[in-house]
Each structure stands twice: as C-alpha cells, then as structure tokens.
Amino acid sequence: MPKVLVLAYNAFSDTNANGKTIKSLLSSFNKDEIAQFYCGAERPDWSVTENYFQVTDVMMLKSFYKNMNYTPIKSASAVPESNTNKPSRYVKLRKHNYNFALRFIREILWKFSYRWRKGFKKWVIDFEPDVIFYMVGDSVFMDKLVLSVASKYNIPVVLYNCEAYRIVNLKERKGLEYLYYRRSENSYRKLLSYSKLHVVYNSNYLKNGYESFYQLKPNSSVFYTPYIFENSEYTRMNPSTNFVYFGNMGVGRVDSLVEFAKALQKVDSNYILTVYGSVPKDEVHKFESVKNVKLMGVVTSNELRDIKETADVLVHVESFNPLIMPKLRYAFSTKIAQYLCAGRCVISYAPKDMASSEYLIQSKSVLFASTCFQLDQILNDIRMNPDTLKIYADRALEQARENHNESLIGGKLYTMLNKLIQENL
C-alpha cells in the first residue's frame, strides 16, 4: 500500500481552487494512503483522508509563548474551534502578502519556531511515508520541511507546480523584494538538486517556463487540472442564446466582462450576459455602463451544476490590462476544466500569450478571441449559425475527456507515484 505525504498551504477542500485541485489529482488513493500537512485556516475535507497535521501562522506564533498540544487531527471534532471560526484574522494577514518585510519576518519565525515540530516528527514517523507530494508555493520554510523529511526517509519527492511562484525576473525587483525572490529561487534550486525528484506541471506552457528559467529538465509530467462530468450532453433548450460567466472576478476580469457585454449588445440587443460570483466592491459600478448584464451573486455547487446545464455559451475572460497581464501569463484557470467538462460551447476572450490561451488555441476546442474585432466576428457567427453551439459543445467535451477526466488523471498519477516508490525500494 503506497503512502503519500502531502504538503501544501491549503488543505484538501471543495471550497478553494488549490484544495479542489490536489483533491482531484489524488482521487485514486484510499483515505489511509494519504496524510497531509497544511498551514491554511480552512476546514479540511474528511472524504480524502482523516490524517491531517495543521499548523497555521497564528498557531506558529503562539508556539513561542504558549505550550500548545500539537497533534494530528483525525476527525472534524478534533479541529480546534479557534482554527476555523475566525477567518477574518487570516484574511487580514493575507492582505499583507506583498509586504516583503513581513514575509521575511514570517520565514524567520517559522525557522525558529519549535514546539510544533516534536508532534510533527512523531506524526511523520507513525505514518511512514513512501513519497512526498509537494504543492509548491513561495515559502522557503516549506521547501526546507520537504527536503528534511525526504532526506531522513530517503524517499522520492514530487513537486506540483500550478503557478509561476518561482519564475521571477530578479532584474525587475529591488530591495527586500529582490532579496526575498532571490532566496526563494535559491531554495527552489535546492529542491531541483534532490536526487529522487519528479516535477508535475499543470500545463506545457508552465513546464517550458520553468525549464527555460532554471536551464534544467528534471524528470517531469504534465497533468492538466482534473474535473468531473456532471452535465448531460448539450441540446438547445433556450429560444435565445444563454451566455453565462461564473467564478472569480478579480485580477482585471471585470473590465473584460464589460467589454464582452458591450460586444453582445452590439451584435444583438436581446443578448444578455448572466454573471455568477462575487464582484469586487470597488468594481461593481463598472457594470452600470452596460444594461445587458445580470449579476446573480454567489451560488452553491449544486446550483452551479444546474446553471451549466441550461447554458448555451460559457464565457471565459482574462484581463488585457498591461499591468496585470504579465502576472497572469503562466496562470491556468481551474475554470477551464470546469467549462470543458460541462460540454458547452466556450468563448474565451483573453490575451494570446498566456498558458490557458495557448492551450485553448492549440486544442481548437473553444471559440477564441484576443481582440474586440475577433469577438464581434464570433458572436455574429453564433447569431447567424446556431449549429456552431453544438459543434463547439462537442469539441469541448472531447477535449475534457482527453485531458481533464478526473478518474483518468487520478489513475495516471497513482500509477506514476507507485512507479517512483517501486524504483526507490
């Protein structure tokens, strides 16, 4: 029986993107084959494993002056109430994420905190891991923790990269920011030098970015974001085409949604864009310039399944803001897998030079526009040729079955980890 020790900031979860992704990737493992160390404040998902070890930043700080009992949490009732009922404290801390003085202080505090380590070491000994699966963030402390456990047990390490946290051009940074990212880069190079290493990426675009940056090509694989198939095959149900957007509206997406809505209005005054999700408070007013947008707020996962069922077009957008675009170049939205697995026509309005854009263009599974002119052409084609909706719904589903099938991807990862373990025996 393989035993996988997972280290990530976020716990397995159905409430945040990172938690959902690692839950799907490791879906082929049994509960007793997985244990996870995490630092987030969220409640973990007990359907994946019942063996968690949680140390949040606040818990770490308390360890300097309070002799707390750091033990594994193996049931929902074992999670201290203070760890889950005060999310505002963690939200406030996360708001200072780009204060690099605080980042340095945080790393130093993690380095010298010790009371939790005794319980952590016993927890690892009791579990006896065969392989480490590390969801890479930007924490040097976590890098060192991974290497210390891997070296002690002489076991393989699998790095999972779904963001460009360690691809930072130091020439564009100054002062503490420069020092922080240089330290982060050096720490990642130590991970890459570990002899029993395999790297997993969520796109070829990100893989090429890392390998070009570090001038190294370690053993690696690409596993696209997995998702489930929960909708029936597409058939037209609406007299008027139903355009739907759902998900995160941060990082400049509101401006692109407004542009999309204006394009809809220009092509057909009856076209409406229905938007589900939380709009940033300082950007709600932007939707006042368009009259064909319905803001529906946040919905449950069950409601979202029904929304996708009745959608004709699922809308994907990214920011064209030159200050935002470079930061999102390597990002591969988890919404891509959700959209494709829904088996509906997808329109993507986004810059070309992005991980998700490259993937969607090459797949030919969606209608892609990087300019307003191209977007107008696509919308006019849909209006004149409704059969296009079915053609691209089928293409989306075909692409999803090939690259985003949760059971298929989970099975491939299970096989890969088992192979690494067997080679290490």
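What comes next concerns the included structure. (Residues numbered from 1 in each chain as written. Predicted model: local features only at pLDDT ≥ 70, side-chain atom pairs only at ≥ 80, totals over all residues. Heavy atoms only, no water.)

**Details of the overall build of the protein**
Looking only at helices and strands, the protein has 16 helices and 13 strands in total. Expected size for 425 residues packed as a compact globule is a radius of gyration near 22 Å; at 23 Å, the protein falls within 12% of this value. On the principal axes, the C-alpha backbone points of the protein span a range of 65 × 45 × 45 Å. Sorting the 425 residues of the protein into buried and exposed places 53% on the buried side. A sequence separation of at least 24 residues applies to 73% of the contacts in the protein between residues at least 6 apart. Accessible surface computed for the protein: about 20,000 Å², of which carbon and sulfur atoms make up 52%. (Helix = DSSP H or I, 4+ residues; strand = E, 2+ residues; numbered from the N terminus. Rg over C-alpha atoms; globule rule 2.2 N^0.38 Å. Buried < 20%, exposed > 50% of the residue type's maximum accessible area, 1.4 Å probe, protein only. Contact = heavy atoms within 4.5 Å. Areas by Shrake-Rupley, 256 points an atom, 1.4 Å probe, with all protein chains shown as cover.)

**Examining the nonpolar core**
Formed by 99 residues in total, the largest nonpolar core has its most connected members in Phe37, Ile132, Leu159, Phe243, Phe260, Leu273 and Ile347. Considering each element in turn, this core owes the most residues, 8 residues, to helix 10 (residues 253-267). Leave out the neighbours within four places in its chain, and isoleucine 132 touches Leu5, Leu7, Val146, Val149, Ala150, Ile155, Pro156, Val157 and Val158. If you look at the next biggest cluster of nonpolar residues, it comprises 29 residues, including Val4, Phe12, Cys162 and Met416. (Core = buried A, V, L, I, M, F, W, Y, C linked by side-chain atoms within 4.5 Å.)

**So, the sheet that holds strand 11 (residues 313-317)**
Pairing is parallel in the open sheet, where 6 strands are placed in the order 10-9-8-11-12-13. Two strands bound the open sheet, and with one partner strand each, they are strand 10 (293-295) and strand 13 (367-369). Averaged over neighbouring strand pairs, the angle between their axes works out to 25° when direction is ignored. Relative to strand 9 (residues 273-276), strand 8 (residues 243-246) is paired through 4 bridges, and the arrangement is parallel. Bridging across to strand 9, tyrosine 245 finds its partner in valine 275. The strands touched by helix 15 (residues 387-403) are strand 11, strand 12 (345-349) and strand 13; relative to strand 12, the strand with the most contacts, the crossing angle is about 90°. (Pairing = 2+ DSSP bridges. Axes fitted to C-alpha atoms, helices over the stretch in contact; angles between N-to-C directions.)

**What about the sheet that holds strand 7 (residues 220-222)?**
Taking strand neighbours across the sheet as the criterion, the 7 strands line up as 3-2-1-4-5-6-7 in an open arrangement whose pairing is parallel. What marks the edges here is a single partner per strand, and that holds for strand 3 (52-54) and strand 7. Adjacent strand axes in the sheet meet at a mean angle of 15°, parallel and antiparallel pairs treated alike. With respect to the sheet, helix 1 (residues 17-25) is in contact with strand 1 (4-8), strand 2 (34-38), strand 4 (131-135) and strand 5 (157-161), its orientation differing from that of strand 4 by roughly 150°. In the packing of helix 7 (residues 140-153) onto the sheet, the strands contacted are strand 1, strand 2, strand 4 and strand 5, and the crossing angle to strand 4 comes to about 175°.

**A few points about unusual backbone geometry**
Positive phi values are uncommon outside glycine, yet asparagine 154 reaches one of about 55°. Within the secondary structure layout, asparagine 154 lies in the loop between helix 7 and strand 5. You will see that glutamine 215, though not glycine, has its phi angle at about 55°, which is positive. Looking at the secondary structure, you find glutamine 215 in the loop between helix 9 (204-214) and strand 7. Exposure remark for glutamine 215: the relative accessible area of 65% places this residue in the exposed category.

**Topic: helix 5 (residues 100-112)**
For helix 5, built from 13 residues, the straight-helix expectation of 18 Å at 1.5 Å per residue is met to within 8% by its first-to-last C-alpha distance of 19 Å. Residues of helix 5 that are buried include every one of Phe100, Arg103, Phe104, Glu107 and Trp110, and no others. Down the axis of helix 5, the smallest arc covering the buried residues is 125°, so these residues share one side. Measuring from the backbone nitrogen of alanine 101 back to the side-chain oxygen at the start of helix 5 gives 3.2 Å, which picks out asparagine 99 as the cap. (Expected span 1.5 Å × (residues − 1). Arc of directions from axis to C-beta. Polar contact = N/O pair within 3.5 Å; in protein donor to acceptor, adjacent residues only side chain to side chain.)

**Here we look at the pairing of strand 4**
Regular strands place side chains that alternate from one sheet face to the opposite one. Of all 5 residues in strand 4, 5 are buried, a share of seventy percent or more. Here strand 4 shows no split at all, with Val131, Phe133 and Met135 on one side and Ile132 and Tyr134 on the other all buried. Across 4 bridges, strand 1 lies against strand 4 in parallel orientation. Residue pairing across strands places leucine 5 opposite isoleucine 132, the latter belonging to strand 4. Direction of pairing for strand 4 relative to strand 5: parallel, over a ladder of 4 bridges. When the sheet's bridge partners are listed, phenylalanine 133 is paired in strand 5 with valine 158. On the question of chirality, the crossover connecting strand 4 to the parallel strand 5 by way of helix 7 is right-handed. (Right-handed = clockwise from strand over helix to strand, strands pointing away.)

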